[in-house]
Amino acid sequence: MKAIELKTVTKKDGSIALDATGLKGGIPVRVLILSEDEKEEENIYLKSLSNNPALDFLNEPEENVYTIEDGKPFRD
């Protein structure tokens, strides 16, 4: 497997366009997108977690086992 890194900028609609890759045409490729905007990625990840029905059990009263008195303040 050959790895090629191409840098591009997203268009206003969020799509991307790639220039010539140096590969011959008609071959299957996989595209991995790594965004430089980590804060936005984190927001998307947290939003998907908060809407995940697999984690609904955490809202059940028996899961609420800690109180504010159980923790210690963190001082940096």
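One can find the structure itself at the top, above this paragraph.
Note that the coordinates shown come from a computational prediction; the quantities given were computed from them, not determined experimentally. (Residues numbered from 1 in each chain as written. Predicted model: local features only at pLDDT ≥ 70, side-chain atom pairs only at ≥ 80, totals over all residues. Heavy atoms only, no water.)

Draft legend 1. Broad picture of the overall build of the chain. Helix and strand content of the chain: one helix and zero strands. Relative to its length of 76 residues, the chain is extended, with a C-alpha radius of gyration of 22 Å against a globular reference of 11 Å. Summarising its shape, the C-alpha atoms of the chain cover approximately 65 × 35 × 30 Å along the three principal directions. Put simply, the chain shows about 8100 Å² of open surface, and 54% of that area lies on carbon and sulfur atoms. Seen as two clouds, the 10 positive and the 16 negative side-chain charges of the chain have centres 12 Å apart. (Helix = DSSP H or I, 4+ residues; strand = E, 2+ residues; numbered from the N terminus. Rg over C-alpha atoms; globule rule 2.2 N^0.38 Å. Areas by Shrake-Rupley, 256 points an atom, 1.4 Å probe, with all protein chains shown as cover. Lys, Arg positive; Asp, Glu negative; His and termini not counted. Charge placed at Lys NZ, Arg CZ, Asp CG, Glu CD.)

Draft legend 2. Layout of the pattern of salt bridges. In the structure shown here, the tally under the stated rule is one salt bridge. The salt bridge involving Lys-7 is made with Glu-5; its shortest N-O contact spans 3.7 Å. With respect to burial, Lys-7 and Glu-5 carry one shared label: exposed. (Salt bridge = Lys/Arg side-chain N within 4 Å of Asp/Glu carboxyl O. Buried < 20%, exposed > 50% of the residue type's maximum accessible area, 1.4 Å probe, protein only.)

Draft legend 3. Broad picture of the environment of Leu-23. Relative to the assigned elements, Leu-23 resides in the segment before α1 (38-50). Of the residues examined, Leu-23 reaches a relative accessible area of 32% and is grouped as partly exposed. In this structure, the C-alpha to C-alpha distance between Leu-23 and Leu-49, residues 26 residues apart in sequence, is 38 Å.

Draft legend 4. Main features of the environment of Leu-32. Following the sequence through the fold, Leu-32 ends up in the segment before α1. Along the backbone, Leu-32 and Asp-19 are 13 residues apart, and their C-alpha atoms lie at a distance of 16 Å.

Draft legend 5. Layout of the environment of Lys-2. Looking at where Lys-2 falls in the secondary structure, it is placed in the segment before α1. Linking Lys-2 and Ser-50, residues 48 residues apart in sequence, is a C-alpha distance of 37 Å.

Draft legend 6. Quick look at a negative patch on the surface. A cluster of acidic residues, Asp-56, Glu-60, Glu-62 and Glu-63, forms a negative patch on the protein surface. Inspection of the secondary structure puts Glu-63 in the segment after α1. (Patch = residues over 30% accessible without salt bridge, like charges linked within 9 Å, V, L, I, M, F, W, Y side chains within 5 Å.)

Draft legend 7. Summary view of a nonpolar patch on the surface. A surface patch of nonpolar side chains, amounting to about 760 Å² of accessible area, comprises Ile-4, Leu-6, Ile-16, Leu-18, Leu-23, Ile-27, Val-29, Val-31 and Ile-33. Here Ile-33 is to be found in the segment before α1.

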